[in-house]
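Okay, here's what each chain looks like letter by letter:
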Amino acid sequence: NGAFTVALWANGFSTPQPNNAGLVTKGFFNGGEFTLDEGSSAAPHGVRFYVRDALANGYDASSSIKLASDSNWHFIVGVCDGVNGKTTLYIDGARVAGANIPVGAGIVNSATVPLMIGARSGSARSPGGNQFRGLLNDVSIYKYALTADQIANEYAAVAGPIAPYFTPPLTPASANVNAGATLTLPATAFGTPPIGYIWTNVTAGTTLARSPWAPGPP
């Protein structure tokens, strides 16, 4: 099971980037262990985290966020959590994309290809191409998968607290449940801890559930 995290701060200075502009990459084009770049397949070709398993199958966590859109510093993190079968891309402490990877699929071996910062190699004949036009800082690689809370805390330590949010975003929905049955409402909240929640029956005006640290009476 592949488990690792790639993190860095990047500033694109509103500068148009070449296709597949590399931030931190390992391996040649179409055969690398991972790619953290600005080259998502869907327009407008934003930041993505791409991982290949031991059989060279690719898993693409692509976003629409482009570093060329502003002159701000952004905290970019790619997490490969092979144990739980997922890869995730975070920008500024928030989850922006993810992909499923088969548990036990491993990661392709590119031991002969060096890690690259600020570029992406097309092949052995063109190493160091697809260069990122901007600044990079504090590049870190962890040999384990950082959690969402750890990433949010890393970002908040520099940029300040993160307002609570749900991922994926919650949308209005209806549910019919028989009396005495159990209703499960799955949701994951992120942000700078502590985070509280309250589930309310808006028809009856009653509280269905609340976290221990939510404001108000228990």
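Presented here is a report on the structure given in the accompanying data block. (Residues numbered from 1 in each chain as written. Predicted model: local features only at pLDDT ≥ 70, side-chain atom pairs only at ≥ 80, totals over all residues. Heavy atoms only, no water.)

## Some points on the sheet that holds strand 2 (residues 21-26)
The sheet built from 5 strands is open, its strands ordered 5-4-3-2-9 with antiparallel pairing. The open sheet has two edge strands, strand 5 (58-62) and strand 9 (115-117), and neither has a second partner. For this sheet the average axis-to-axis angle between neighbouring strands, irrespective of direction, equals 15°. Across 5 bridges, strand 2 lies against strand 3 (residues 34-38) in antiparallel orientation. By the bridge assignment for strand 3, Val24 is matched with Leu36. (Pairing = 2+ DSSP bridges. Helix = DSSP H or I, 4+ residues; strand = E, 2+ residues; numbered from the N terminus. Axes fitted to C-alpha atoms, helices over the stretch in contact; angles between N-to-C directions.)

## A short note on the packing of aromatic side chains
Evaluation of the coordinates by the stated rule reveals 6 aromatic pairs. Cluster of aromatic residues (ring-pair linked, three or more members): Phe4, Phe34 and Phe49. (Phe/Tyr/Trp six-rings, centres within 6.5 Å; stacked < 30°, edge-to-face > 60°.)

## Here we look at the nonpolar core
Judged by nonpolar contacts, the single largest core of 24 residues is most densely connected at Leu36, Phe49, Ile76 and Leu89. Of all the elements in the fold, those that place two or more residues in this core are strand 1 (3-11), strand 2, strand 3, strand 4 (47-52), strand 5, strand 6 (74-81), strand 7 (86-91) and strand 8 (94-100). Residues contacting Ile76, with those up to four places away along its chain left out, are Val6, Ala7, Leu8, Ala10, Leu23, Leu36, Val47, Leu67, Leu89, Tyr90 and Ile91. Core analysis: the next-biggest nonpolar cluster, separate from the first, contains 12 residues, Ala7, Phe75, Ile151 and Ala152 among them. (Core = buried A, V, L, I, M, F, W, Y, C linked by side-chain atoms within 4.5 Å. Buried < 20%, exposed > 50% of the residue type's maximum accessible area, 1.4 Å probe, protein only. Contact = heavy atoms within 4.5 Å.)

## Concerning the pattern of salt bridges
Overall, the coordinates contain 5 salt bridges when judged by the stated rule. Linking Arg48 and Asp37 is a salt bridge whose minimum nitrogen-to-oxygen distance equals 2.9 Å. Of this pair, Arg48 sits in strand 4 while Asp37 sits in strand 3, and the two are 11 residues apart along the sequence. Beyond isolated ion pairs, a larger network of salt bridges with shared partners links Asp37, Arg48, Asp60 and Arg120. (Salt bridge = Lys/Arg side-chain N within 4 Å of Asp/Glu carboxyl O.)

## Structural notes on the pairing of strand 5
Across the two faces of strand 5 the burial differs, with Tyr59 and Ala61 buried and Gly58, Asp60 and Ser62 not buried at all. The hairpin turn running from strand 4 into strand 5, its antiparallel successor, is 5 residues long, and Ala56 in that turn takes a positive phi close to 70°.

## Things to note about the sheet that holds strand 7
An order of 8-7-6-1-10 is seen for the 5 strands of this open sheet, with the pairing classed as antiparallel. Of all strands in the sheet, those bounded by a partner on one side alone are strand 8 and strand 10 (135-142). For this sheet, the mean angle separating the axes of adjacent strands, direction not counted, is 15°. Judged from the 6 bridges that link them, strand 7 and strand 8 form a sheet pairing that is antiparallel.

## Points about a nonpolar patch on the surface
There is a patch of nonpolar side chains on the surface, built from Leu115, Ile117, Val139 and Ile141 and spanning about 320 Å² of accessible area. Looking at the nonpolar patch, the elements with two or more residues in it are strand 9 and strand 10. The topology assignment puts Ile141 in strand 10. (Patch = residues over 30% accessible without salt bridge, like charges linked within 9 Å, V, L, I, M, F, W, Y side chains within 5 Å. Areas by Shrake-Rupley, 256 points an atom, 1.4 Å probe, with all protein chains shown as cover.)

## A closer look at the side chain of Asn20
Relative to the assigned elements, Asn20 resides in the loop between strand 1 and strand 2. Once you skip the residues sitting within four places of it in the chain, Asn20 turns out to touch Phe29, Asp37, Glu38, Gly39, Arg48, Arg120 and Asn130.

## Considering unusual backbone geometry
Look at Asp92: it is not a glycine, yet its phi comes out positive at around 55°. Here Asp92 lies in the loop between strand 7 and strand 8. A relative accessible area of 19% places Asp92 in the buried class. In this structure, Asp138 is a non-glycine residue whose phi angle is positive, near 55°. Mapped onto the fold, Asp138 is located in strand 10. Taking relative accessible area as the criterion, Asp138 reaches 52% and is therefore assigned exposed.

## Thoughts on the side chain of Glu33
Relative to the assigned elements, Glu33 resides in the loop between strand 2 and strand 3. Every residue in contact with Glu33, bar those within four places of it in the chain, is listed here: Lys26, Gly27, Tyr50, Val51, Arg52, Ile107, Val108, Asn109, Ser110 and Ala111.

The values reported here are purely geometric and, on their own, carry no functional implication.
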